[in-house]
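Letter by letter, the chains look like this.
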2 protein chains.
Amino acid sequence: AIVAGVAARFAPGPLAGKRVLLTAGPTREFLDPVRFISNPSTGKMGLALAHAARALGASVTVVLGPVGAVDRAGLEVVDVVSAEDMAREVLGRVGEADVFIATAAVSDWRPETRAAQKVKKGAASGPETLKLVRTPDVLAEASRKVAGQARRPVLVGFAAETERVLEHAREKLERKGLDAIVANDVTAPGAGFGTDTNRVTVLTRAGSPRELQGTKDAVARGILELLLVEQRPANG
Amino acid sequence: AIVAGVAARFAPGPLAGKRVLLTAGPTREFLDPVRFISNPSTGKMGLALAHAARALGASVTVVLGPVGAVDRAGLEVVDVVSAEDMAREVLGRVGEADVFIATAAVSDWRPETRAAQKVKKGAASGPETLKLVRTPDVLAEASRKVAGQARRPVLVGFAAETERVLEHAREKLERKGLDAIVANDVTAPGAGFGTDTNRVTVLTRAGSPRELQGTKDAVARGILELLLVEQRPANG
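Sequence positions are assigned chain by chain, starting from 1 and proceeding in written order. Naming scheme: in the order in which they are written, chains are lettered from A and ligands are numbered from 1. Two thresholds apply to this predicted model, a pLDDT of at least 70 for residue-level local features and 80 or more for giving and counting side-chain atom pairs, whereas whole-chain, interface and lining totals are computed over all residues. The side-chain quantities take in all heavy atoms of the structure and omit both hydrogens and water.

**Focus: the sheet that holds strand β4 (residues 59–64) of chain B**
Residues and elements named next belong to chain B. What counts, and what does not: Criterion used throughout: strands pair if DSSP finds at least two bridges between them. Labels follow the DSSP assignment, with helices taken as runs of H or I lasting at least four residues and strands as runs of E lasting at least two, numbered in each case from the N terminus. Only the stretch in contact is used when a helix axis is fitted, and all axes are lines through C-alpha atoms; the angle between N-to-C directions ranges over 0 to 180 degrees.
A sheet is described by the order of its strands in space; here eight strands give the open sequence β5-β4-β1-β6-β9-β10-β11-β12, paired in mixed fashion. Each of the sheet's edge strands pairs with one partner strand only, and the pair in question is β5 (76–79) and β12 (210–215). Strand-to-strand, the axes of this sheet are offset by a mean angle of 20 degrees, without reference to chain direction. Pairing of strand β10 (residues 180–185) with strand β11 (residues 197–204) involves five bridges; the strand directions are antiparallel.

Next comes the structure, spelled out in structure tokens:
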């Protein structure tokens, strides 16, 4: 990683001088000190994109939800737990970014209240209810925040879907004002949460859908080439 | 691990010939294909106990909830996701065990229903409710299952608490018919979920509480020495 860092400094890649901001991993929404709502995201796809962007010369900041030990070399990592934390850290940085890529699997809901002590099971055996409220939509809020800027960052979303994948992804692209969205059927074999491979479709506002498949590292490079490098002059 | 395995075979330790069954890690209770209720358990304390028991000569089976990469060398590991899975795998094995140690942080509730497709956020922004039902109490069911056996396994529970720790642990010990319980204030510094150290109090039916503190490996050895080795003749 040190060698890659030095190489990036002396032989600037196509993203040299660019600031790339990413979110990665899940969020956790606690209902008491020991229980939360979350999802199986391991942050692999987001970290693969972060390292790929670094290798292309960008300076990279990752706002990272709770994941196990991961390779942080060469990256600025901001650790967060909840969707609210993630939104705050992203909104404080997105205005300065050249590219914002939202790969995190942000919880859409959180428990309305968080008990100060572990909730005991008590005697009741019947159904209980947990009141949920919506969390901030990190990507939509980031998009709104930069909408009026003269130099707005390129905005890339991810759509982890289980059905009507392209339709849901296209709808997100439009509604959140994105430049591109990476659609992912998380139920497909060799794709989705925790796997080392992925199979995605990249949708842009104008171009036709492009499919990418392979290791998450290869897919990460493919996404960056497609969205950030191909449009630029080779020796720009 | 191979060396340790060979050593254990040729120089039987104090637990040689004993079958130790453990649970470790969290469980995940899904509400749709991508969202679940869980807790921050990483399985470290349970796996430390599993390896310590193996080093003392036992053959060890771990029923393991979803955790990251862990050292499985020398252990039989049964991977599970939900409390229901864990209960099934434990109840099928506990009758044959000499010792059952329940370290897993089993979810006490699960969503009443699990949607076949990812639940979309929809347009509503007000509170929504998630109906929860109780999961099987793995340790209590295991205890009931072996209660009538001529050679009942030694039953050891864990109590992860955030307040009135010893009182809650003592109540669990009695209610679930255990031989010992390891009480753990998960909010104390250097204790609880994801840390490499722990500070616990071991309660038995008769003896006075004993405190253990140190790395999870050292605490694991201490617990086994205290509960399984000290009572036996040294060269039994």
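**Remarks on the relation of the copies chain A and chain B**
How we decide: We place the copies in one frame by least squares, fitting the C-alpha atoms of every residue whose pLDDT is at least 70 in both. Only heavy atoms matter for contacts: two residues are in contact if any of them lie within 4.5 Å across the pair.
When chain A is fitted to chain B, the residual RMSD is 0.0 Å, and the transformation amounts to a turn of 180 degrees plus an axial shift of 0.0 Å. Look at the turn and shift together and you get a two-fold axis relating the two. Same-surface contact between copies: 100% of interface residues of chain A are shared with the interface of chain B.

**What about the packing of aromatic side chains?**
Residues and elements named next belong to chain A. To be explicit about the condition: Only Phe, Tyr and Trp rings take part, Trp by its six-membered ring, and two of them pair if their centres are within 6.5 Å. Stacked means planes under 30 degrees apart, edge-to-face means over 60, and tilted covers everything else. Only protein chains enter the accessibility calculation, which uses a 1.4 Å probe; a residue whose area is less than 20% of its type maximum is buried, one above 50% is exposed, and one in between is partly exposed.
Within this structure, the stated rule accounts for two aromatic pairs over all chains. Measuring from ring centre to ring centre gives 5.2 Å for F30 and F36, while their planes differ by 75 degrees; the resulting arrangement is edge-to-face. Given the relative accessible area of 3%, F36 is considered buried.

**Notes on the interface of chain A and chain B**
As a reminder of what qualifies: Values labelled buried area give the accessible surface lost by two parts on being combined, using a 1.4 Å probe and summing over both. Salt bridge, as applied in this entry: a Lys or Arg side-chain nitrogen positioned within 4 Å of an Asp or Glu carboxyl oxygen. Residues are grouped as follows: Ala, Val, Leu, Ile, Met, Phe, Trp, Tyr, Cys and Pro are nonpolar; Asp, Glu, Lys and Arg are charged; all remaining types, including Gly, are polar.
Listed per partner, the contact involves 39 residues of chain A and 39 residues of chain B. Sorting the residues of chain A by area buried against chain B places A:W109, A:K121 and A:R134 first, and these three jointly supply 18% of that buried surface. In this assembly, chain A and chain B are joined by two salt bridges. Where B:R35 meets A:D108, a salt bridge forms, and the shortest distance between an N and an O atom there is 2.4 Å. Elements represented by at least two residues in the side of chain A that touches chain B include exactly β3 (35–38), β8 (128–134) and β9 (154–161) of chain A. The leading source of residues in the side of chain A that touches chain B is β8(A), at seven residues. Of the residues in the side of chain A that touches chain B, the class split is 16 nonpolar, nine polar and 14 charged. Here β8(A) pairs with strand β8 (residues 128–134) of chain B via five bridges, running antiparallel.

**Here's the deal with the pattern of salt bridges**
Here the structure, examined in full by the defined rule, presents 28 salt bridges over all chains. The salt bridge involving B:D179 is made with B:R152; its shortest N-O contact spans 3.0 Å. Of this pair, B:D179 sits in the loop between α5 (165–175) and β10 while B:R152 is found in the loop between α4 (138–146) and β9 (154–161), placing the two residues 27 residues apart along the sequence. With relative accessibility at 25%, the residue B:D179 sits in the partly exposed group. A salt bridge links B:E167 to B:R164, with the shortest nitrogen-to-oxygen separation between them at 3.0 Å. On the accessibility criterion, B:E167 (48% relative accessible area) is partly exposed. The network of salt bridges with common partners includes A:D32, A:R35 and B:D108.

**Considerations on the side chain of A:T61**
Residues and elements named next belong to chain A. The cut-off we apply is this: Polar contact is the term for a pair of N or O atoms within 3.5 Å; when the atoms are in protein, one must be able to donate a hydrogen and the other to accept it, and sequence-neighboring residues count only if both atoms are side-chain atoms.
One can find T61 in strand β4 (residues 59–64). At a separation of 2.6 Å, a polar atom in the side chain of T61 contacts the side chain of E76. Contacts of T61, omitting those with residues within four sequence positions, involve V20, L21, L22, E76, V78 and R93.

**Details of helix α6 (residues 216–229) of chain A**
Residues and elements named next belong to chain A. Operational definition: The span expected for a helix works out to 1.5 Å for each residue beyond the first.
For α6, which comprises 14 residues, the first-to-last C-alpha distance of 18 Å matches the rise-based estimate of 20 Å (1.5 Å per residue) to within 8%. By the criterion of burial, α6 is predominantly enclosed, with ten of the 14 residues buried. Against the buried residues of α6 lie α2 (44–55), β6 (99–102), β9, β10 (180–185), β11 (197–204) and β12 (210–215).

**Observations regarding the confidence of the model for chain A**
The following threshold applies: Per-residue confidence from the predictor is reported as pLDDT, which spans 0 to 100.
Taken residue by residue, chain A gives an average pLDDT of 89. The fraction at 70 or more is 90%. Across residues 232–236 of chain A, where pLDDT falls below 50, the model places one contact with residues more than four positions away in sequence or in other chains.

**Some remarks on the sheet that holds β8(B)**
Where strands meet in a sheet, backbone hydrogen bonds hold them as pairs that are either parallel or antiparallel. Pairing in this open sheet of four strands is antiparallel, and the strands run β7(A)-β8(A)-β8(B)-β7(B) from one edge to the other. Each of the sheet's edge strands pairs with one partner strand only, and the pair in question is β7 (109–111) of chain A together with β7 (109–111) of chain B. Between one strand and the next, the sheet's axes are offset by a mean angle of 45 degrees, whatever the strand orientation.

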